[in-house]
Amino acid sequence: MAENTKTAKLTIDGKEYELPIHSPSAGPDVIDIRKLYAQAGVFTYDPGFTSTASCDSTITFIDGDKGELLHRGYPIDQLASKSHFLEVAFTLLYGYLPSADELEKFESLVTNHTMIHEQMHYFFRGFRRDAHPMATMVGVVGAMSAFYHDSTDINDEHQREVASIRLIAKMPTIAAMAYKYSIGQPFVYPRNDLDYASNFLHMCFAVPAEEYQVNPILARAMDRIFTLHADHEQNASTSTVRLASSSGANPFACIAAGIACLWGPAHGGANQACLEMLREIGTVDRIPEYIARAKDKNDPFRLMGFGHRVYKNFDPRAKVMKESADEVLGLLGIENNPTLQVAKELERIALEDPYFVEKKLYPNVDFYSGIILDAMGFPTSMFTPIFALARTVGWISQWKEQLADPQLKIGRPRQLYLGDTARDYVDIENR
Ligand code: ACO
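All figures in this text were calculated on a predicted structure; none of them were measured in a lab. (Residues numbered from 1 in each chain as written. Predicted model: local features only at pLDDT ≥ 70, side-chain atom pairs only at ≥ 80, totals over all residues. Heavy atoms only, no water.)

**Q** Hey, could you go over the overall build of the chain for me, with residue numbers and the actual values?
**A** Helices and strands together make up the secondary structure of the chain, namely 18 helices and six strands. On C-alpha atoms alone, the chain measures out to a radius of gyration of 23 Å, which is about the 22 Å that the 2.2 N^0.38 rule sets for 431 residues. A total of about 21700 Å² of accessible surface is found on the chain, and carbon and sulfur atoms cover 52% of it. Within the chain, one finds 42 positive and 55 negative side-chain charges whose respective centroids are separated by 3 Å. (Helix = DSSP H or I, 4+ residues; strand = E, 2+ residues; numbered from the N terminus. Rg over C-alpha atoms; globule rule 2.2 N^0.38 Å. Areas by Shrake-Rupley, 256 points an atom, 1.4 Å probe, with all protein chains shown as cover. Lys, Arg positive; Asp, Glu negative; His and termini not counted. Charge placed at Lys NZ, Arg CZ, Asp CG, Glu CD.)

Quick look at the structure:
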């Protein structure tokens, strides 16, 4: 961490405490309160972590006001248009753009670890046949620690590396198997002659009965969706992975925890919720009714795919996703898709509405992603598993960074206790 030159002063009951201020390479200054309790005997209170940095990191930077997202310094729009998912994965993991040779080796390493232990197939069969693929993924990824004992020692750098590659390589296989299982089709084994995105599409949509040719346009769109979801600094699921890992838990358990957190509709589950909402709206003339509901304080309804804790401007991923939606639906000849029309009109109306303007609510990454995934043939239940698959590299990069930190401490927030103070136990007959 850089030497701090600035300090903040805090006065409690007339006594002054000096707190160091750290200046980041980008973003707002950070007041270091690590010694506050020891020195002043007080905690800080910040439910939802709206003003609290939980770690230092060099991986991803978001400027929410500008609508900027950088991975290792590289803007997401450049990565989405010029790079591809496995190159972005390398960059997130190792901190720099790979040379051609490094990239080839990395791609080969990932490609050659895509199969899962054959015994895991039986594990899948223990789930109810119509299980949500996210439920299956939480279970199966957690269970990887029962299948890959040789990569669970977090203190062994080599094992950490093996676990990282295994997770990135096998997550598409697991997500595709969870999907196949949920629709009662046979599992399709990975194919090492296909690139990462094409292989995933093949495992999802091929059946043994007939030949399946991956559409290169859809593969490119799939790869871009993976790229746009690869990492997003200290969001809820990433923080969950870090918190689980801070206790020394094995990598598969930590990533399973991240998947569980991602599932919620306020986070990764929003892409499923958003498409369901757009379909429910159905036609452009019903939009005002839903806008009114979103603004009504007495109605819990929110515009899914709108708003973000950090972005108070356009989510840069949403811009790329919108272009991608136009491109994919155009190429598939379904540009008049009513859901896309509703989405565009909803966005236009919301962006002109004072409620959304004042609260700085813009479309987020989930607003258009569901439309593309739907056009590709995925059911809504697969939207969040695809997000989890792509985010795995971000979780892994953050997990590795955390474990390399010599100052690593178990994550243990404090609380503002408002319950009863000590009182005597009352025997049941006297209550
Ligand atoms: N529709 C209507 N009103 C909204 C919306 C929305 N989508 N999002 C926020 N608001 C309003 C809130 O009611 C609140 O109003 P108030 O100040 O009058 O009470 C204000 O905007 C701020 O909202 P908070 O919930 O305090 O903001 P927070 O940062 O905690 O929430 C969140 C961010 C969870 C993403 C929220 O915007 C939301 O629920 N959006 C819909 C779900 C969604 O799209 N999630 C995906 C996020 S991106 C991702 O995880 C990949």
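**Q** Which residues make up the side chain of Ser-145, and what values go with them?
**A** Looking at the secondary structure, you find Ser-145 in helix α6 (residues 133-147). A polar contact is formed between the side chain of Ser-145 and the backbone oxygen of Gly-142, at a distance of 2.7 Å. In contact with Ser-145, other than residues within four places in its own chain, are Thr-152, Asn-250 and Phe-252. (Polar contact = N/O pair within 3.5 Å; in protein donor to acceptor, adjacent residues only side chain to side chain. Contact = heavy atoms within 4.5 Å.)

**Q** Explain the packing of aromatic side chains residue by residue, including any values.
**A** Geometry of an aromatic ring pair is reported as the spacing of the ring centres plus the angle between the planes. Counted according to the given criterion, the structure contains 23 aromatic pairs. Cluster of aromatic residues (ring-pair linked, three or more members): Phe-85, Tyr-179, Tyr-196, Phe-200, Phe-205, Tyr-212, Phe-226 and Phe-378. The side chain of Arg-293 reaches across the aromatic face of Phe-301, ending 4.6 Å from its centre. If you follow Arg-414 out to its NZ or CZ, it ends over the ring of Tyr-37, 5.3 Å from the centre. (Phe/Tyr/Trp six-rings, centres within 6.5 Å; stacked < 30°, edge-to-face > 60°. Lys NZ or Arg CZ within 6 Å of the ring centre and 35° of its normal.)

**Q** How would you explain the pairing of strand β5 (residues 68-71) if you had to name every residue and give the values?
**A** In this sheet, β5 lies alongside strand β4 (residues 60-63) in antiparallel orientation, the contact comprising four bridges. Note that in β5 the partner of Phe-61 across the bridge is Leu-70. Connecting β4 to the antiparallel partner β5 that follows it, the hairpin turn spans four residues, and Gly-67 within it adopts a positive phi of roughly 75°. As paired strands, β5 and strand β6 (residues 74-75) are joined by two bridges and run antiparallel to one another. Bridge pairing in β6 places His-71 opposite Tyr-74. (Pairing = 2+ DSSP bridges.)

**Q** Mind laying out helix α11 (residues 251-262), listing which residues take part and the relevant values?
**A** Compared with an ideal rise of 1.5 Å per residue, which puts twelve residues at 16 Å, α11 spans 16 Å between its outermost C-alpha atoms and is within 8% of the ideal. Where α11 is concerned, the buried positions are Pro-251, Phe-252, Cys-254, Ile-255, Ala-256, Gly-258, Ile-259 and Leu-262. Buried positions along α11 lie against α6, α7 (157-183), α10 (236-246) and α18 (383-403). Where α11 begins, one side-chain oxygen reaches toward the backbone nitrogen of Phe-252, 2.9 Å away; that side chain belongs to Asn-250. (Expected span 1.5 Å × (residues − 1). Buried < 20%, exposed > 50% of the residue type's maximum accessible area, 1.4 Å probe, protein only.)

**Q** Can you explain the side chain of His-22? Please cite residues and give values.
**A** Looking at where His-22 falls in the secondary structure, it is placed in strand β2 (residues 15-22). Of the polar contacts made by the side chain of His-22, one reaches the side chain of Asp-32; its length is 2.8 Å.

**Q** If you had to explain helix α12 (residues 270-281) to someone new, which residues and values would you point to?
**A** A rise of 1.5 Å per residue sets the reference length of α12, with its twelve residues, at 16 Å; its end C-alpha atoms lie 16 Å apart and thus fit the reference within 8%. Burial within α12 is extensive, with nine of its twelve residues counted as buried. For α12, the complete set of buried residues consists of Ala-270, Asn-271, Gln-272, Ala-273, Cys-274, Leu-275, Met-277, Leu-278 and Ile-281. Where α12 is buried, its residues touch α13 (287-295), α15 (338-352), α17 (366-376) and α18. Backbone geometry just downstream of α12 places Gly-282 in the positive-phi region, at approximately 75°.

**Q** Which residues make up the nonpolar core, and what values do they have?
**A** If you look at the biggest cluster of nonpolar residues, it comprises 114 residues, and the most contacted ones within it are Phe-200, Met-222, Phe-226, Leu-303 and Phe-378. Top contributing element to this core by residue count: α7, with 13 residues. With residues up to four places along the chain from it excluded, the contact list for Leu-303 reads Met-277, Ile-291, Ala-294, Leu-346, Ala-350 and Phe-356. Within the second largest apolar cluster, six residues are counted, among which are Ala-8, Tyr-17, Leu-36 and Ala-40. (Core = buried A, V, L, I, M, F, W, Y, C linked by side-chain atoms within 4.5 Å.)

**Q** Lay out the pattern of salt bridges with the relevant residues and their values.
**A** According to the stated counting rule, one finds 21 salt bridges in the structure shown. Lys-6 is the salt-bridge partner of Asp-29, the closest N and O atoms lying 2.4 Å from each other. Remark: Lys-6 occurs in strand β1 (residues 6-12) and Asp-29 occurs in the loop between β2 and β3 (30-31); sequence separation between them is 23 residues. Overall, Asp-29 belongs to the partly exposed group, its relative accessible area being 36%. The residue Asp-299 makes a salt bridge to Arg-293 at a minimum N-O spacing of 2.8 Å. Arg-293 gets classed as partly exposed once you look at its relative accessible area, which sits at 29%. Look at the salt bridges and you will find they share partners, linking Glu-345, Arg-348 and Glu-352 into a network. (Salt bridge = Lys/Arg side-chain N within 4 Å of Asp/Glu carboxyl O.)

**Q** Describe the packing of α12 against α15, with residues and values.
**A** The contact between α12 and α15 brings their axes to 9 Å, and the two run at 95°. Classified by the angle their axes make, α12 and α15 are roughly perpendicular. Where α12 approaches α15, its residues Leu-275, Met-277, Leu-278, Arg-279 and Ile-281 are matched on the opposing element by Thr-339, Val-342, Ala-343 and Leu-346. (Axes fitted to C-alpha atoms, helices over the stretch in contact; angles between N-to-C directions. Parallel < 35°, antiparallel > 145°, perpendicular 65-115°, else oblique.)

**Q** Can you explain the environment of Lys-297? Please cite residues and give values.
**A** Within the secondary structure, Lys-297 is located in the loop between α13 and α14 (316-331). Since its relative accessible area comes to 71%, Lys-297 is described here as exposed. For the pair Lys-297 and Phe-356, spaced 59 residues apart in the sequence, the C-alpha separation amounts to 14 Å.

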